[in-house]
Amino acid sequence: ADVRLLGPAEIRDLAEMLDLQPTKKLGQNFVIDANTVRRIVTVAGVRAGETVVEIGPGLGSLTLGLLSADASVVAVEIDGRLAEQLSKTVQLLAPGCRLTVVHRDALRIEELPGEPVRLVANLPYNVSVPVLLHFLEHFPSLRSGVVMVQAEVGHRLAAVPGSKVYGSPSVKAAWYGSFRTAGNVGRQVFWPVPNVDSVLVAFERADEQPGDESLRRATFEVVDHAFGQRRKMLRQSLAPLFGDSARSSAALEAAGVPTTARGEELEVGGFIAIGRALLAANG
Ligand code: SAM
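Residue numbering note: each chain is counted from 1, following its sequence as written. pLDDT decides what is reported in this predicted model: residues at 70 or higher carry local features, side-chain atom pairs at 80 or more are listed and counted, and totals for whole chains, interfaces and linings draw on all residues regardless.

### Some words on the packing of helix α8 (residues 213–228) against helix α12 (residues 268–281)
Now for step 1: Under this scheme, a helix contributes an axis fitted over its contacting stretch, all axes are lines through C-alpha atoms, and angles between N-to-C directions fall in the 0 to 180 degree range. Numbering of helices and strands runs from the N terminus, with a helix taken as a DSSP run of H or I at least four residues long and a strand as a DSSP run of E at least two residues long. In the contact formed by α8 and α12, the axes pass within 8 Å of each other and the chain directions differ by 110°. Taken as axis vectors, α8 and α12 run roughly perpendicular relative to one another. Residues Ser-214, Leu-215, Ala-218, Thr-219, Glu-221, Val-222 and Val-223 of α8 pack against Phe-271, Ile-272, Ile-274, Gly-275, Arg-276, Leu-278 and Leu-279 of α12.
Now for step 2: Residues are sorted three ways: Asp, Glu, Lys and Arg are charged, Ala, Val, Leu, Ile, Met, Phe, Trp, Tyr, Cys and Pro are nonpolar, and all the rest, Gly among them, are polar. Within the contact of α8 with α12, the residues separate by chemical class into nine nonpolar, three polar and two charged. Working definition: roughly parallel below 35 degrees, roughly antiparallel above 145 degrees, roughly perpendicular at 65 to 115 degrees, and oblique for all remaining angles. In this description, any two residues whose backbone-derived C-beta atoms lie within 7 Å of each other are considered to be in contact.

Structure, rendered in structure tokens:
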């Protein structure tokens, strides 16, 4: 569709009109650069006619990019003034395009209009990982997506075992599918300018989930314990979970994981095997 994207002047006008003071608490840094928007839409591979969910549309920079690719957009925004303005902005700059605005906290959403197949968002920094995991968990229709996050967080999401930044977000993300970084974004494309750089992260959901909800919970519990004390061996860090270190050693053996292993070297399959052992131990 023929859509006008927002640049610095439009963002400034909208912010002035709304008397908007962007808040840090809500991670409100708006993209003022149309090229960045085009890049995100391209990397995401958005196709005409498909339903895309966007978390935190803000003033609509990315929303308009998604609509220009003829996607049907469901946008979830916590800030009432922004949610209200968004429909008006889209009516003006992208008339006839399909947008549904949901005014809610994305972390509390368990149902969405339509069945989004893709998630594309410039995520609010302070809740980026929980929001992403929440959506992967609650919306199995989501097959893939691209999110813009703080660089450090993006590298964690995409990290593999043995990497310095491999941790709990890396393993939890890997439960759902494969994650990779897809390009750096400088801080100057935002207003207000944040004090960190960003990175694009692309993901594809695995064809099959590794297990049911009880196994996921058990696995995530193991992961949280394993990285709570990252330099310890698993048999020590998991001792509280299994009762004592003799039991955690036995569980590791049952899972086929060396009892001297540390969390930072174990791939998601290993954590899942320990999660199974935890379920078995709890009867
Ligand atoms: N997508 C816009 C852009 O690229 O210019 C804005 C991105 S800004 C980094 C994050 C947006 O998420 C803000 O509009 C903020 O109000 C919204 N937000 C923050 N926490 C949220 C939550 N828990 N649920 C939904 N939206 C949230």
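### Some words on the nonpolar core
Now for step 1: A set of buried Ala, Val, Leu, Ile, Met, Phe, Trp, Tyr and Cys residues, joined to one another through C-beta atoms within 7 Å, is what we call a nonpolar core. Put simply, a residue is buried when 20 or more other C-beta atoms lie within 10 Å of its own C-beta and exposed when 12 or fewer do; between those, it is partly exposed, and each C-beta is set from the backbone. Ranked by internal contacts, the top residues of the largest apolar core, which has 84 residues, are Ile-40, Leu-66, Leu-67, Val-120, Val-147, Val-201 and Ile-274.
Now for step 2: With residues up to four places along the chain from it excluded, the contact list for Leu-66 reads Val-41, Val-46, Val-52, Glu-54, Ala-71, Val-73 and Val-120.

### Considerations on the site of the ligand
Now for step 1: Contact assignment follows one rule, namely that a residue is near a molecule or strand if its backbone-placed C-beta atom lies within 6 Å of it. Near the ligand lie 24 residues; those nearest to it are Gly-56, Gly-58, Ala-106, Asn-122 and Pro-124.
Now for step 2: Contributions of two or more residues to the shell around the ligand are made by β1 (30–31), α3 (61–68) and β3 (72–77).
Now for step 3: Residues belonging to the shell around the ligand are distributed by class as follows: 14 nonpolar, seven polar and three charged.

### Comments concerning the sheet that holds strand β4 (residues 99–103)
Now for step 1: For two strands to be treated as a pair, DSSP must find at least two bridges joining them. Pairing in this open sheet of seven strands is mixed, and the strands run β4-β3-β2-β5-β6-β9-β7 from one edge to the other. Both edges of this open sheet fall to β4 and β7 (177–185), since each of them pairs with a single strand only. Neighbour-to-neighbour, the strand axes of this sheet turn through a mean angle of 20°, independent of strand direction.
Now for step 2: Sheet topology note: the strand β6 (residues 144–150)/strand β9 (residues 198–205) ladder contains seven bridges and is antiparallel. Each bridged residue has a counterpart across the sheet, and for Gly-145 the counterpart in β9 is Phe-203.
Now for step 3: Sheet strands touched by helix α2 (residues 34–44): β5 (118–122), β6, β7 and β9. Its angle to β6, the strand with the most contacts, is close to 140°.
Now for step 4: Strands in contact with helix α4 (residues 80–93) are β3 and β4; relative to β4, the strand with the most contacts, it is inclined by about 170°.

### Thoughts on the UniProt feature "binding site: S-adenosyl-L-methionine" (unreviewed entry) in the protein
Now for step 1: UniProt positions are given in the numbering used here, feature names are shortened, and annotations may be inferred rather than shown by experiment. The positions UniProt marks with the feature "binding site: S-adenosyl-L-methionine" (unreviewed entry) are Asn-29, Val-31, Gly-56, Glu-77, Asp-105 and Asn-122.
Now for step 2: The exposure class of Glu-77 is buried, given the 25 C-beta atoms found within 10 Å.
Now for step 3: Other than its neighbours up to four places away in sequence, Glu-77 contacts Gly-56, Pro-57, Leu-82, Ala-83, Leu-86, Val-101 and His-103.
Now for step 4: Within the secondary structure, Asn-122 sits in strand β5.
Now for step 5: Judged by the 29 C-beta atoms lying within 10 Å of it, Asn-122 is buried.
Now for step 6: Apart from residues lying up to four places away in sequence, Asn-122 is in contact with Val-31, Gly-56, Leu-62 and Met-148.

### Quick notes on the pairing of β5
Now for step 1: Burial runs high along β5: five of the five residues are buried.
Now for step 2: Of the two faces of β5, the one carrying Arg-118, Val-120 and Asn-122 and the one carrying Leu-119 and Ala-121 are both buried.
Now for step 3: As paired strands, strand β2 (residues 51–55) and β5 are joined by two bridges and run parallel to one another. Pairing of Val-52 across the sheet is with Arg-118, part of β5.
Now for step 4: Pairing of β5 with β6 involves five bridges; the strand directions are parallel. Bridging across to β6, Val-120 finds its partner in Val-146.
Now for step 5: Think of it like this: strands point away, you trace from the first strand over the helix to the second, and a clockwise trace means the crossover is right-handed. For the handedness criterion, the β-α-β arrangement of β5, helix α5 (residues 128–138) and β6 is classed as right-handed.

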